[in-house]
Amino acid sequence: MSRSEPSPTLGQAAPASARPRFPGRRGGSMLLAALVAATLAGGCSGGRRGVELVRGSGRLTCAGGPMPAAGQVLFVPRPAAGQAAASRPLRPASASFGIDGEFRATSWTPGDGLVPGSYAVVVDCWKVPPTMDGPSAESFIAPAYGAAGTTPLELVVPPESGPLAVSFDVARPPEKRP
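Residues numbered from 1 in each chain as written. Predicted model: local features only at pLDDT ≥ 70, side-chain atom pairs only at ≥ 80, totals over all residues. Heavy atoms only, no water.

Any chance you could break down the packing of aromatic side chains for me, citing the residues and the numbers?
Per the counting criterion, the structure on display carries 2 aromatic pairs. On the numbers, 6.0 Å between centres and 45° between planes, the contact of Phe75 with Phe103 is tilted. Taken together, the residues Phe75 in strand β2 (residues 71-78) and Phe103 in strand β4 (residues 102-104) connect sequence positions 28 residues apart. Like Phe75, the residue Phe103 is buried in the burial classification. Summarising the aromatic geometry, the rings of Phe75 and Tyr119 are spaced 6.4 Å apart at their centres and angled 85° between planes, so their arrangement reads as edge-to-face. One end of the pair, Phe75, is in strand β2; the other, Tyr119, is in strand β5 (residues 117-124), with 44 residues separating them in the sequence. The buried category is assigned to Phe75, whose relative accessible area is 1%. Among the aromatic residues, ring-to-ring pairing joins Phe75, Phe103 and Tyr119 into one connected group. (Phe/Tyr/Trp six-rings, centres within 6.5 Å; stacked < 30°, edge-to-face > 60°. Helix = DSSP H or I, 4+ residues; strand = E, 2+ residues; numbered from the N terminus. Buried < 20%, exposed > 50% of the residue type's maximum accessible area, 1.4 Å probe, protein only.)

This is the structure we're talking about:
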């Protein structure tokens, strides 16, 4: 924009001489078309082409009884002992459960299962969920189950196995002393 031209105000377009030029504008459309084509060529696999999945379902219980509330179970990949890190793909999975504790593991699409490997099993079941500025979080289950580094629960999914049905029992938190 030259000094003799007034600067545009809100709602006015800048003069053509002041607008940025994109000489390869058509190239952007070509790039977008190429990305769409590559996505469609990949099919509906969601990025898992050639990755083996084993269907996994199960049930959680709390201290031998039903779960006190609905929650989430996370399967966090761990390289198995003696396994080269790159020998199998590592993909986390998750599942929701109700008070019946029933869940179906999901890696890409609902209920599709888990990639064979070893997993730390993390369980979240909140009486008061964590928030940035709300009251202190309070879990229905012992804190050890809430992190991959501390959970005692582990799942090993063998390659080329049929559907897995697993059960996990979690402990309640220790009683608070007055």
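Picking up after the structure, the text goes on.
Tell me about the sheet that holds strand β3 (residues 93-97), residues and numbers included.
A sheet is described by the order of its strands in space; here 4 strands give the open sequence β3-β2-β5-β8, paired in antiparallel fashion. Whereas interior strands pair on both sides, the edge strands pair on one side only; in this sheet they are β3 and β8 (154-157). Here the strands of the sheet are splayed against their neighbours by 25° on average, with no regard to which way each runs. Sheet analysis places β5 next to β8, joined by 4 bridges and oriented antiparallel. Each bridged residue has a counterpart across the sheet, and for Ser118 the counterpart in β8 is Val156. (Pairing = 2+ DSSP bridges. Axes fitted to C-alpha atoms, helices over the stretch in contact; angles between N-to-C directions.)

Which residues make up the nonpolar core, and what are the values?
Generally speaking, soluble globular proteins have nonpolar side chains that are buried together. Formed by 29 residues in total, the largest nonpolar core has its most connected members in Met67, Phe75, Phe103, Val123, Ile141 and Leu155. Top element by residues in this core is strand β9 (residues 164-170). It accounts for 4 residues. In contact with Val123, other than residues within four places in its own chain, are Leu60, Met67, Gln72, Val73, Phe97, Ile141, Tyr145, Gly146, Leu153 and Val170. (Core = buried A, V, L, I, M, F, W, Y, C linked by side-chain atoms within 4.5 Å. Contact = heavy atoms within 4.5 Å.)

Which residues make up the sheet that holds β9, and what values go with them?
Spatial strand order, β4-β1-β9: 3 strands in an open sheet with mixed pairing. Strands with a single pairing partner mark the edges of an open sheet, and in this sheet they are β4 and β9. Recorded for the sheet is a direction-independent mean angle of 25° between the axes of neighbouring strands. Pairing between strand β1 (residues 56-62) and β9: 7 bridges, direction parallel. Following the sheet pairing, Arg59 is matched in β9 by Ser167.

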